[in-house]
Amino acid sequence: QVQLVESGGGLVQPGRSLRLSCAASGRTFSSYTMGWFRQAPGKEREFVAATSWNLVLSNVADFVKGRFTISRDNAQNTAYLQMNKLTPEDTAVYYCAASARVYGSTPQDYDYWGPGTQVTVSS
C-alpha cells in the first residue's frame, strides 16, 4: 500500500548537516508510523528515529539524541530526518520505513521500506 523513496544523502564533512527526505506514495500516508534506520557495512540495521501518525509521539536513538530530529508533513506525504553535527561514525545507508501496525523501534515493527540512501561523513 505504501512505496517509499529516500533522497538527500551524499558526502559531507564532519560537523556539517544533511536533511534526508522520504517521499511516500499511497492514500493513507498520514495513518502510518514513519521511522528511520541506518546500516553500516558489517553491522546490524539500527534504529535512528520514529514519529507517529498523529505527530504526538516521536523519539530518536540515544546515540544521535541532540543532533538528529525527525519530522513529517502529512499533507506532502513526506518524512524528514535532519542530521546535524555529523561525524564519521554516522556513515551508513539510511533507510526510511513505514508501519501500519505499531509505533516501534525495531526493524520487525515496520512493513514497508525504501531502497536507502548513502550518507558518507569524511574530511
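Structure's up top.
## Some details on the overall build of the protein chain
Here comes step 1: Across its full length, the protein chain carries zero helices and 11 strands.
Here comes step 2: Shown N-terminal to C-terminal, the secondary structure of the protein chain runs as helices and strands in the order β-β-β-β-β-β-β-β-β-β-β.
Here comes step 3: The C-alpha radius of gyration computed for the protein chain amounts to 13 Å, which stays within 12% of the reference 14 Å derived for 123 residues, consistent with globular compactness.
Here comes step 4: The C-alpha extent of the protein chain, read off along each of the three principal axes, is 40 × 25 × 25 Å.

## A few points about the sheet that holds strand 7 (residues 68–73)
Here comes step 1: The four strands are arranged 1-3-8-7 in an open sheet whose pairing can be described as antiparallel. Since the sheet does not close on itself, it has two edges, and those belong to strand 1 (3–7) and strand 7, each with one partner. Direction aside, neighbouring strands of the sheet carry axes that sit 15° apart on average.
Here comes step 2: Looking at chain direction, strand 1 and strand 3 (residues 18–25) are connected through five bridges and run antiparallel. Paired with Ser-7 across the bridge in strand 3 is Ser-21.

## Examining the state of the cysteines
Two cysteines form a disulfide when their sulfur atoms are joined by a covalent bond.
Here comes step 1: On inspection of all chains with the given rule, the structure shows one disulfide.
Here comes step 2: For Cys-22, the disulfide goes to Cys-96, at an S-S distance of 2.0 Å. The chirality of the disulfide connecting Cys-22 with Cys-96 is left-handed, given an S-S dihedral of about -80°. Here the residue Cys-22 occupies a position in strand 3, and Cys-96 occupies one in strand 9 (residues 92–99), the gap between them amounting to 74 residues.
Here comes step 3: Residue Cys-96 is classed as buried on the basis of its relative accessible area, which comes to 0%.

## Remarks on a nonpolar patch on the surface
Here comes step 1: Taken together, the side chains of Val-56, Leu-57 and Tyr-103 define a hydrophobic patch exposed on the protein surface, amounting to about 280 Å² of accessible area.
Here comes step 2: Assignment of secondary structure puts Tyr-103 in the loop between strand 9 and strand 10 (112–113).

## Quick look at the nonpolar core
Here comes step 1: Core analysis: the biggest nonpolar cluster contains 33 residues, and Met-34, Trp-36, Leu-81, Met-83 and Tyr-94 have the highest contact counts within it.
Here comes step 2: Secondary-structure elements contributing two or more residues to this core are strand 3, strand 4 (33–39), strand 5 (46–51), strand 7, strand 8 (78–83), strand 9 and strand 11 (117–121).

## Some details on the side chain of Arg-67
Here comes step 1: Among the secondary structure elements, Arg-67 is positioned in the loop between strand 6 (58–60) and strand 7.
Here comes step 2: Excluding anything up to four places from it in sequence, Arg-67 contacts Gln-82, Met-83, Asn-84, Lys-85, Leu-86, Thr-87 and Asp-90.

## Here we look at the pattern of salt bridges
Here comes step 1: Enumeration according to the criterion identifies four salt bridges in this entry.
Here comes step 2: Between Glu-46 and Arg-38 there is a salt bridge, and its shortest N-O distance comes to 2.7 Å.
Here comes step 3: Given a relative accessible area of 30%, Glu-46 falls into the partly exposed group.
Here comes step 4: Residues joined in a network through salt bridges with shared partners are Arg-38, Glu-46, Arg-67 and Asp-90.

## Here we look at unusual backbone geometry
Here comes step 1: At Asn-77, a residue that is not glycine, the phi angle is positive and equals roughly 55°.
Here comes step 2: Topologically, Asn-77 is positioned in the loop between strand 7 and strand 8.
Here comes step 3: Overall, Asn-77 belongs to the partly exposed group, its relative accessible area being 25%.
Here comes step 4: Positive phi is not limited to glycine here, since Lys-85 has a value of about 50°.
Here comes step 5: By the element assignment, Lys-85 lies in the loop between strand 8 and strand 9.

What counts as what
- Residues numbered from 1 in each chain as written.
- Predicted model: local features only at pLDDT ≥ 70, side-chain atom pairs only at ≥ 80, totals over all residues.
- Heavy atoms only, no water.
- Helix = DSSP H or I, 4+ residues; strand = E, 2+ residues; numbered from the N terminus.
- Rg over C-alpha atoms; globule rule 2.2 N^0.38 Å.
- Pairing = 2+ DSSP bridges.
- Axes fitted to C-alpha atoms, helices over the stretch in contact; angles between N-to-C directions.
- Disulfide = S-S within 2.5 Å.
- Buried < 20%, exposed > 50% of the residue type's maximum accessible area, 1.4 Å probe, protein only.
- Patch = residues over 30% accessible without salt bridge, like charges linked within 9 Å, V, L, I, M, F, W, Y side chains within 5 Å.
- Areas by Shrake-Rupley, 256 points an atom, 1.4 Å probe, with all protein chains shown as cover.
- Salt bridge = Lys/Arg side-chain N within 4 Å of Asp/Glu carboxyl O.
- Core = buried A, V, L, I, M, F, W, Y, C linked by side-chain atoms within 4.5 Å.
- Contact = heavy atoms within 4.5 Å.

None of this, on its own, says anything about what the molecule does.
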